[in-house]
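# Coordinate inspection notes
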Amino acid sequence: LLARRDLRGLQALAARQGLIKRFGHKHVLPSTLALGAQAAGDHVSACRLLKDALSHAPPSERARLEVNLANAELATGQLDAAEMRFRAILRKRSDLVLARTNLARTLLAKGESLDEAIELLQASLEQGDGRAVEELRLLLAEAREALANS
């Protein structure tokens, strides 16, 4: 259902999960529904669902949920909230390339701290696993151009 971006089907399935709701980890269903909402482009619902998931999540799941929430905040234009959340994540887990890259995206969207955005993107390129190298290079070029034009 997630792969097909079938949010309605995912919601219907979640509604039938009585045992998980009653006895399972309370962060699982809202987290899964949030992924479906994000895939469907409904980032406002994703924010709400991820906040609910975070309120019930064990510490081992929090970093992943925080990154997803910060990404949803970025997608909805909540740039200050996204920036604060990405910075908080990186204080705890400086190794998270996605958080570092998306903090740079946030700074670019705000048109602020462009030098820092460039440093973040360069660090992401150095640490990256090769899958997103071209995208990182394009972002880096965009950041350099924005800095030159500022």
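Provided above is the structure to which this section pertains.
Everything numeric here is computed off the predicted structure, so don't read it as measured data.

Within the chain, the regular secondary structure consists of 9 helices and 0 strands. Listing each helix as α and each strand as β along the chain from the N terminus yields α-α-α-α-α-α-α-α-α. With 150 residues in all, the chain has 37% of them scored as buried. Counted over contacts in the chain with a minimum sequence separation of 6, partners at least 24 positions apart contribute 41%. Of the accessible surface of the chain, which amounts to about 8,700 Å², a share of 53% is contributed by carbon and sulfur atoms.

Now for the nonpolar core. Ranked by size, the top nonpolar core spans 22 residues in total, and within it F86, I89, A99, L103, L108 and L121 carry the most contacts. When residues of this core are traced back to their parent elements, those giving at least two are α5 (59–75), α6 (79–92), α7 (97–110), α8 (114–127) and α9 (133–148). Residues in contact with L108, not counting those within four places in the same chain, are L114, A117, L139, E142, A143 and A146. L33, A34, C47 and A57 belong to the second largest nonpolar core, which has 13 residues in total.

Calculation criteria
- Residues numbered from 1 in each chain as written.
- Predicted model: local features only at pLDDT ≥ 70, side-chain atom pairs only at ≥ 80, totals over all residues.
- Heavy atoms only, no water.
- Helix = DSSP H or I, 4+ residues; strand = E, 2+ residues; numbered from the N terminus.
- Buried < 20%, exposed > 50% of the residue type's maximum accessible area, 1.4 Å probe, protein only.
- Contact = heavy atoms within 4.5 Å.
- Areas by Shrake-Rupley, 256 points an atom, 1.4 Å probe, with all protein chains shown as cover.
- Core = buried A, V, L, I, M, F, W, Y, C linked by side-chain atoms within 4.5 Å.

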